[in-house]
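Residue-level structural notes
Letter by letter, the chains look like this.
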Amino acid sequence: AGEWQRSLALFLELGQRGLESTSVGHNYALSACRQGKQWRHGMELMAQMAQRQFEPDFRLRQDLEAQSRGLDRAPPPEPSQRSTPHRRSRTRPVSGMAAAARRATR
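Residues numbered from 1 in each chain as written. Predicted model: local features only at pLDDT ≥ 70, side-chain atom pairs only at ≥ 80, totals over all residues. Heavy atoms only, no water.

Overview of the overall build of the protein
The line we're drawing: Strands here are runs of E lasting at least two residues and helices are runs of H or I lasting at least four, both read from the DSSP assignment and numbered beginning at the N terminus. The cut-offs for exposure are 20% and 50% of the maximum accessible area for each residue type, with area from a 1.4 Å probe on protein chains only; residues under the lower value are buried, those over the upper are exposed, and the others partly exposed. Should any heavy atoms of two residues lie within 4.5 Å, those residues are considered in contact. Only the protein chains shown count as covering a residue, and every accessible area follows the Shrake-Rupley method with a 1.4 Å probe.
For the protein, the count of helices and strands is five helices and zero strands. Going from N to C terminus, the protein has its helices and strands arranged as α-α-α-α-α. Within the span of the protein, comprising 106 residues, buried residues form 25% of the whole. In the protein, of all internal contacts separated by at least 6 residues, the share reaching a separation of at least 24 is 52%. Taken as a whole, the protein presents about 8700 Å² of accessible surface, with 52% of it coming from carbon and sulfur.

A look at the packing of helix α1 (residues 3-16) against helix α2 (residues 23-35)
Spelled out, the test is: Interaxial angles span 0 to 180 degrees and are taken between N-to-C directions of axes, which are lines fitted to C-alpha atoms, for helices over the stretch in contact. What makes a crossing left-handed is the near helix being turned counterclockwise from the far one by less than a right angle; a clockwise turn instead makes it right-handed.
One can describe the packing of α1 onto α2 by two numbers: an axis separation of 8 Å at closest approach and a directional angle of 145°. Considering only the axes of α1 and α2, their crossing is left-handed. Of the residues in α2, those touching α1 at Trp4, Ser7, Leu8 and Phe11 are Gly25, His26, Ala29, Ala32, Cys33 and Gln35.

So, the confidence of the model for the protein
The cut-off we apply is this: pLDDT is a per-residue confidence score from the predictor, ranging from 0 to 100.
Mean pLDDT over the protein stands at 81; residues scoring 70 or higher make up 75%. Low pLDDT (under 50) marks residues 91-95, which in the prediction has two contacts with non-local residues, meaning those over four places away or in another chain.

Regarding the pattern of salt bridges
As a reminder, the rule being used: Put simply, a salt bridge is a Lys or Arg side-chain nitrogen that is within 4 Å of an Asp or Glu carboxyl oxygen.
One pass over the structure, following the stated rule, counts eight salt bridges. Note that Glu3 is salt-bridged to Arg6, the shortest N-O span being 2.6 Å. Of this pair, Glu3 and Arg6 both sit in helix α1, three residues apart, roughly one helical turn. Overall, the relative accessible area of 41% leaves Arg6 in the partly exposed class. Through salt bridges with shared partners, a single network forms among Arg34, Arg59, Asp63 and Arg73.

Observations concerning the nonpolar core
As a reminder of what qualifies: By nonpolar core is meant a set of buried Ala, Val, Leu, Ile, Met, Phe, Trp, Tyr and Cys residues that side-chain atoms within 4.5 Å join together.
Of all hydrophobic cores here, the largest spans twelve residues; its members are Leu8, Phe11, Ala29, Leu30, Ala32, Cys33, Leu45, Met46, Met49, Phe54, Leu60 and Leu64. Contributing elements (two or more residues each) for this core: α1, α2, α3 (39-51) and α4 (58-68). Looking at this core element by element, the count peaks at four residues for α2. Other than its neighbours up to four places away in sequence, Leu60 contacts Asn27, Leu30, Ser31 and Arg34.

Looking at the environment of Ala29
Residue placement: Ala29 occurs in helix α2. As a C-alpha pair, Ala29 and Gly42 span 13 residues in sequence and 8.0 Å in three-dimensional space. With residues near it in sequence (within four places) discarded, Ala29 still touches Leu8, Phe11 and Leu45.

Take a look at the structure:
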C-alpha cells in the first residue's frame, strides 16, 4: 500500500476506535486523498468537516475540487495585483527622546 493509503487507513481507524480527530488530523486525511487522487473520499471528508465546523485547508480543497473536474491540481494562484507603496529612502524623523540622547553624547 502507498503512503496515502496508510495515512487514510490510520485516520479511518480513529473513528473505528471511538476516538475523535482534530481539524489538523482531518486536513492530513485530505492531503492523503489528494495524493491518492481520491477526490470523492476528500469531498465526503470535507462534508464531515463542515458538520464539525472544521475548515479544510484552502489549497487542499482547491486541488480536490480540481481533481473532481479531471485535473491533477488546481492552477497556481495569480500573483497579487495590489500595488505596494514605495518605501522612502530617507530616514524617518527621530523621536524627541532619541534626539536628546544624541545631543547629550556629543
